[in-house]
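# Examining the three-dimensional arrangement
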Amino acid sequence: MTDLQHLLDEYLATRRALGAELRLCGRLLQRFVAFAAQREAAFLTTELAQQWASQPRDAQPAQWANRFGMVRRFALYAHAADSRHEVPPPGLLRGSYRRPQPYIYSDKEIADLLGAARGLSATTGLRPCTYAGLLALLAVTGMRPSEPLGLDRDDVDLEAGVLTVRQGKFGKSRNIPVHASTQAALARYAAQRDRLCPQPLDPGFFLSKRGTRITEWALRWTFVQLSRQVGLRGPSDSRGPRLQDFRHRFAVATLLSWYRNGADIERHLPRLATYLGHAHVSDTYWYLSATPELLEAAARRLDHRAWRPLR
């Protein structure tokens, strides 16, 4: 018998040596191996893969299918090492991904969140500064939640007002110019950070009270607490407006501003896609269909063009 954990270590090492990162996949497959160990399963079976992949029960079917596909690819490797490991048939779990409807924060809701962040308890005073700065930066730049966490000090040009995101989603890097007011706010945070944490343990721009980089888990946990505090979630709600919705708000607000100012959307949209770091401009077009106010603005624009007299 070949131990599943040993097989998984070999599988991940082999694929990573070929260039795959497998960050999420690696974490999930570790959970699958733990799931199998809890059931004292010596071999990978179709039933075991299906049971694990169909969690959590309230997830979208597309998420189940994605988890099942990860296990199936690992099963192909395991079966090659020991034929007693089953390879689940393809397509056993199917589902198409449905993007959740974006939540568009109001100005007041963002102000409330920032106010709550500034009121966070802290021994050194750095924690409220850091989380208020992180949430404000997400709101005004539309960055992915993980991107400001990955910024090092050298990635934030406080003179030119440019942020450098390195190895973001899809392995892409990009420069993000920011408004002068954002530039000034980042400089104020940097001064506070350096005063409150003169000997950091990490080169990260945004730091915890211990002088280490803020983790994505810590950001999400803190955001849930803040959103409950300001009434965006119930006291025990696990679902509600997300950090990702800051990005949606930025994209929608930008597009609405262009529509209201009569800008050429077709010409400007690729610029917004580049700024947001979208792999395809179609990802940016999605906001047009996902937001009723944008659809209405687009319809008005089309009506205006349709009735424009010919010359």
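Bear in mind the structure is a predicted one, so any value in this text is a computation, not a measurement.

### Details of the overall build of the protein chain
Along the backbone of the protein chain there are 13 helices and 3 strands. Buried residues in the protein chain amount to 44% of all 311 residues. Of the contacts formed within the protein chain by residues at least 6 apart in sequence, a portion of 58% connects residues at least 24 apart. For the protein chain, the accessible surface area stands at approximately 17,300 Å², while carbon and sulfur atoms represent 53% of it.

### Describing the nonpolar core
In terms of nonpolar packing, the biggest core is built from 50 residues, with Tyr131, Leu135, Met143, Leu163, Phe205 and Phe246 touching the most fellow members. When contributions to this core are tallied by element, the ones reaching two or more residues are α5 (107-118), α6 (126-141), β2 (162-165), α8 (180-196), α9 (216-229), α10 (244-260) and α11 (265-276). Among the elements that make up this core, the one with the highest residue count is α6 (9 residues). Sequence-distant contacts of tyrosine 131, that is, excluding residues within four places in its chain, are made with Ala117, Leu120, Ile214, Ala218, Leu219 and Thr222.

### As for the pairing of β2
By the bridge criterion, 2 bridges tie strand β1 (residues 156-157) to β2 in an arrangement that is antiparallel. Looking at the pairing, aspartate 157 lines up with valine 162 of β2. As consecutive antiparallel partners, β1 and β2 are separated by 4 residues, and within that stretch glycine 161 has a phi angle of approximately 70 degrees, a positive value. Summarising the sheet, β2 and strand β3 (residues 174-177) pair through 4 bridges and their orientation is antiparallel. By the bridge assignment, threonine 164 is partnered in β3 with asparagine 175.

### Quick look at the layout of surface pockets
A volume near 370 Å³ is recorded for the second largest pocket. What lines the second largest pocket is a set of 17 residues, among which Ala132, Gly133, Ala136, Ala185 and Arg188 lie closest to the centre. Elements represented by at least two residues in the lining of the second largest pocket include exactly α5, α6 and α8. Among the residues forming the lining of the second largest pocket, the class breakdown is 10 nonpolar, 5 polar and 2 charged.

### A short note on the pattern of salt bridges
Tallying each qualifying case throughout the model produces 13 salt bridges. Where arginine 249 meets aspartate 107, a salt bridge forms, and the shortest distance between an N and an O atom there is 2.2 Å. Linking arginine 249 in helix α10 with aspartate 107 in helix α5, this pair joins segments that are 142 residues apart in sequence. For aspartate 107, a relative accessible area of 56% translates into the label exposed.

### Observations regarding the side chain of serine 54
Secondary-structure assignment places serine 54 in the loop between α3 (46-53) and α4 (61-81). A polar atom in the side chain of serine 54 sits 2.8 Å from the backbone oxygen of glutamine 50.

### Some remarks on the packing of aromatic side chains
The relative placement of two aromatic rings is captured by the distance of their centres and the angle of their planes. According to the stated counting rule, one finds 11 aromatic pairs in the structure shown. An angle of 20 degrees between the planes, with centres 4.6 Å apart, marks the rings of tyrosine 105 and phenylalanine 246 as stacked. On the criterion of sequence distance, the pair formed by tyrosine 105 in the loop between α4 and α5 and phenylalanine 246 in helix α10 is long-range, its members being 141 residues apart. Across the pair, exposure class does not vary: tyrosine 105 and phenylalanine 246 are buried alike. Plain terms: the ring middles of tryptophan 217 and tryptophan 221 are 6.4 Å apart, the flat faces sit at 15 degrees to each other, and that makes the pair stacked. Here tryptophan 221 and tryptophan 217 lie together in helix α9, a separation of 4 residues that amounts to about one turn. Using a relative accessible area of 64% as the deciding quantity, one classes tryptophan 217 as exposed. Using a relative accessible area of 42% as the deciding quantity, one classes tryptophan 221 as partly exposed. Grouping aromatic residues by their ring pairs yields a cluster made of Tyr103, Tyr105, Phe223 and Phe246.

### Some remarks on the packing of α5 against α6
In the contact formed by α5 and α6, the axes pass within 7 Å of each other and the chain directions differ by 160 degrees. Viewed along their axes, α5 and α6 adopt a mutual orientation that is roughly antiparallel. Of the two possible hands of crossing, α5 and α6 adopt the one that is right-handed. Two secondary-structure elements touch here, α5 through Ile110, Leu113, Leu114, Ala117 and Arg118 and α6 through Pro128, Tyr131, Ala132, Leu135, Ala136 and Ala139. Of the residues belonging to the contact of α5 with α6, the class tally is 10 nonpolar, no polar and 1 charged.

### Observations concerning the confidence of the model for the protein chain
Averaged over every residue, the pLDDT of the protein chain is 85; residues scoring 70 or more account for 87%. This stretch, residues 301-311, has a pLDDT under 50; its non-local contacts, to residues over four places away or in other chains, come to 5 contacts.

### With respect to unusual backbone geometry
The peptide bond linking glutamine 55 to proline 56 adopts the cis configuration, its omega dihedral lying at -15 degrees. A positive phi angle, close to 55 degrees, is found at leucine 22, a residue other than glycine. Its place among the elements puts leucine 22 in the loop between α1 (4-17) and α2 (23-38). Look at glutamate 40: it is not a glycine, yet its phi comes out positive at around 55 degrees. Its location among the elements puts glutamate 40 in the loop between α2 and α3.

The rules behind these values
Throughout this description, residue numbers start from 1 for each chain and increase along the sequence as written. For a predicted model such as this one, the threshold for reporting local features is a pLDDT of at least 70, and the threshold for listing and counting side-chain atom pairs is 80 or more; totals across whole chains, interfaces and linings nevertheless cover every residue. Hydrogen atoms and water are omitted, and side-chain values are computed over all heavy atoms in the structure. Numbered from the N terminus, helices here are DSSP runs of H or I no shorter than four residues, and strands are runs of E no shorter than two. The rule is simple: take the accessible area with a 1.4 Å probe, protein chains only, and divide by the maximum for that residue type; under 20% is buried, over 50% is exposed, in between is partly exposed. Contacts are assigned to residue pairs that have any heavy atoms within 4.5 Å of one another. In this description, accessible areas are obtained by the Shrake-Rupley approach with a 1.4 Å probe, and a residue is regarded as covered only by the protein chains that are shown. In plain words, nonpolar cores are sets of buried Ala, Val, Leu, Ile, Met, Phe, Trp, Tyr and Cys residues tied together by side-chain atoms within 4.5 Å. Only when DSSP finds a minimum of two bridges between them are two strands counted as paired. Computed over the protein atoms alone on a 1 Å grid, cavities are sets of points where a 1.4 Å probe fits but cannot get out and pockets are open sets with protein on both sides within 12 Å along at least five of seven lines; a residue lines them when it has an atom within 4 Å of a point. Grid points are joined across faces, edges and corners, and a volume is the space filled by probe spheres set on the points. Following the grouping adopted for this structure description, the nonpolar residues are Ala, Val, Leu, Ile, Met, Phe, Trp, Tyr, Cys and Pro, the charged ones are Asp, Glu, Lys and Arg, and the polar ones are all others, Gly among them. Every case where a carboxyl oxygen of Asp or Glu lies within 4 Å of a side-chain nitrogen of Lys or Arg is listed as a salt bridge. Here a polar contact is taken to be a pair of N or O atoms separated by no more than 3.5 Å, where protein atoms must pair a possible hydrogen donor with a possible acceptor and residues adjacent in sequence count only if both atoms sit in side chains. Here the aromatic set is Phe, Tyr and Trp, taking the six-membered ring for Trp, and pairing holds for ring centres within 6.5 Å; pairs whose planes are under 30 degrees apart are stacked, those over 60 apart are edge-to-face, and all others are tilted. Note on method: axes are straight lines fitted to C-alpha atoms, helices fitted across the in-contact stretch only, with angles between N-to-C directions ranging 0 to 180 degrees. Working rule for angles: under 35 degrees goes down as roughly parallel, over 145 as roughly antiparallel, 65 to 115 as roughly perpendicular, anything else as oblique. Crossing handedness is read from the near helix: turned anticlockwise from the far helix by less than a right angle, it gives a left-handed crossing, and turned clockwise, a right-handed one. What pLDDT conveys is the predictor's confidence in a given residue, as a value from 0 to 100.

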